[in-house]
Amino acid sequence: MTMENVDTLIIGGGQAGVAMSEHLGQRGIPHLVVERGQIAERWRNERWDSLVANGPAWHDRFPNKTFPNLDPDAFAPRAQIVSYFEAYAKQIDMPIRCGVEISALRKSADGLGFEADGPDGTIKARNVIVATGPFQKPSFPDIVPQDSGILQMHSNAYKNPAQLPEGGVLVIGAGSSGAQIADELRASGRDVWLSVGPHDRPPRAYRGRDFVWWLGVLGMWNMKVPSPDVEHVTIAVSGAHGGHTVDFRNLAASGMTLVGRTESYQDGSLTFAPDLAKNIEGGDANYLAMLDAADAYVLEHGLDLPEEPDARKIGPLPACATDPVLSLDLAKAGIKTIIWATGYRLDFGWIDLDIFDNRGAPRHDRGVSVEPGLYFIGLAWLSRRASPFIWGCWHDADYLGDYIAKERLAKAG
């Protein structure tokens, strides 16, 4: 086993690691990026085949490179996003080593920096930047036993309808991933049930401007996390089919059966909360509030944006919401697969440092850890709402690059 010395080690070669490498390189800070798989590994191998970005190409990118051969208002497909980050790494001459999974990180024995254990030895670094992102360990409740005879998978393992056994599918979780996967499965001819919990349901676009544009001018991208208990918000918005507003009424009209939150399992049957109508109406309220905020902004700033009165037309609740299914015998319904689109949790068990709170999240200020020399990038709400998104992590990396450069200068002086 070898001991290698580097100035700054970036762990993770996804969007956060690429952004961080660019900003360190611009400041002349020597560094090495290590990635457990390949560049953009999660985009590459942990998403479904037909996934597209949830923001338009003009927005979901780094400032110094556009998506080639793609309309700025289109939504980049998964494969093109992977190619984008590969090309960007070449553009900035990123010093990356793929196939290197860090199994442990600790303070070095001499107290000067850190030691990171990889498959071929240990890397000693003055600074370490953890760029493993917010989507680390698939999370879903232990409700349905593994010996139930039902195939269960997290959305990160789903690829396409042909991958699943014949029969119906229950998708649990109705954010962007759950809604898109359920829609794809229904379009393939499957019988689909979708478990819908509380969610925000923004318009894809309004008055000629995309949702992400409105978030910008309304200051919502710069929001700080309100409180730890509301750090994660389920958002139902889609870039699929050229981009559209997710309306659960339309999914029901396509033949999909909507149910409320999944609660419990017993003797082959699942029970659901009687909250489907409430959850849909809560999403509607969020949708209308967004329109209200946009209209007020247009009025205040005298913008010449076309009115869109039809956007406020909301149809009646579907029958599955007014007369909800509260219990479902999976075998009788013909359900053979359950897909858990229930998000992720952080997994920093490989970091042997006393820097985490009782939720397992690192204690930091804008990515600057309480442990000097250790930094985090790409996490949800790292500095603001935009932090885990492609362009948001680029700006967080700019801040951290500047911070690290000043620290180096201070120590040198």
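About the cut-offs
Residues numbered from 1 in each chain as written. Predicted model: local features only at pLDDT ≥ 70, side-chain atom pairs only at ≥ 80, totals over all residues. Heavy atoms only, no water. Helix = DSSP H or I, 4+ residues; strand = E, 2+ residues; numbered from the N terminus. Rg over C-alpha atoms; globule rule 2.2 N^0.38 Å. Contact = heavy atoms within 4.5 Å. Areas by Shrake-Rupley, 256 points an atom, 1.4 Å probe, with all protein chains shown as cover. Lys, Arg positive; Asp, Glu negative; His and termini not counted. Charge placed at Lys NZ, Arg CZ, Asp CG, Glu CD. Pairing = 2+ DSSP bridges. Axes fitted to C-alpha atoms, helices over the stretch in contact; angles between N-to-C directions. Disulfide = S-S within 2.5 Å. Phe/Tyr/Trp six-rings, centres within 6.5 Å; stacked < 30°, edge-to-face > 60°. Lys NZ or Arg CZ within 6 Å of the ring centre and 35° of its normal. Salt bridge = Lys/Arg side-chain N within 4 Å of Asp/Glu carboxyl O. Buried < 20%, exposed > 50% of the residue type's maximum accessible area, 1.4 Å probe, protein only.

### Some remarks on the overall build of the protein chain
Then, number 1: Scanning the protein chain for helices and strands turns up ten helices and 21 strands.
Then, number 2: For the protein chain, the C-alpha radius of gyration of 23 Å lies close to 22 Å, the compact-globule estimate for 413 residues.
Then, number 3: Each of the three principal axes of the protein chain carries a C-alpha extent, and together these read 70 × 60 × 40 Å.
Then, number 4: Long-range contacts, defined here as pairs at least 24 residues apart, represent 69% of the contacts in the protein chain between residues at least 6 apart.
Then, number 5: Total accessible area on the protein chain stands at roughly 18500 Å², and carbon and sulfur atoms take up 51% of it.
Then, number 6: Taken together, the 39 basic and 52 acidic charged side chains of the protein chain have centroids lying 3 Å from each other.

### As for the sheet that holds strand E8 (residues 151–154)
Then, number 1: Ordered in space as E8-E17-E9-E10-E13, the five strands form an open sheet in which the pairing is parallel. Single-partner strands in this sheet number two, and they are E8 and strand E13 (257–259). Averaged over all adjacent pairs, the angle separating strand axes in this sheet is 20 degrees, with direction ignored.
Then, number 2: The pairing of E8 with strand E17 (residues 335–340) spans four bridges and is classified as parallel. Counterpart to His154 in the pairing with E17 is Trp340.

### Structural notes on the pairing of strand E15 (residues 269–272)
Then, number 1: Pairing of strand E14 (residues 262–266) with E15, which is carried by four bridges, proceeds in the antiparallel orientation. Opposite Tyr265, over in E15, you have Leu270 as the bridge partner.
Then, number 2: Between the antiparallel neighbours E14 and E15 lie two residues, among them Asp267 with a positive phi of about 50 degrees.

### Describing the state of the cysteines
Then, number 1: Throughout the structure, instances matching the rule amount to zero disulfides.
Then, number 2: Cysteine Cys393 is unpaired, with the sulfur of Cys98 as its nearest cysteine sulfur at 17 Å.

### So, the environment of Asp365
Then, number 1: As for its placement among the helices and strands, Asp365 is situated in strand E19 (residues 364–365).
Then, number 2: Sequence separation of Asp365 and Tyr375 is ten residues, and the distance between their C-alpha atoms is 9.4 Å.

### Regarding the packing of aromatic side chains
Any two aromatic rings considered together are summarised by their centre-to-centre distance and by the angle between their planes.
Then, number 1: Scanning the model with the defined rule gives 17 aromatic pairs in all.
Then, number 2: Here a set of aromatic residues connected by ring pairs shows up, and it is made of Phe62, Phe67, Tyr84, Phe85 and Tyr88.
Then, number 3: Here Lys107 stacks its cationic end above the ring of Phe114, 4.9 Å away from the centre of that ring.
Then, number 4: Over the ring of Tyr287 we find Arg201, and its NZ or CZ is 4.6 Å from the ring centre.

### Quick look at the pattern of salt bridges
Then, number 1: A complete count under the given rule lists 24 salt bridges for this structure.
Then, number 2: When the shortest N-O distance is used, the salt bridge between Glu46 and Arg42 registers 3.4 Å.
Then, number 3: Of the charged contacts in the structure, one is a salt bridge between Arg249 and Asp284, with a shortest N-O distance of 2.6 Å. Residue Arg249 is found in helix H6 (residues 248–253), and its partner Asp284 is found in helix H7 (residues 276–301); the two are separated by 35 residues along the sequence. For the pair shown, Arg249 and Asp284 are each scored as buried.
Then, number 4: Three or more residues are tied together by salt bridges with common partners; here these are Arg27, Asp398, Asp402 and Lys406.

Taken by themselves, the reported measurements are silent on function.
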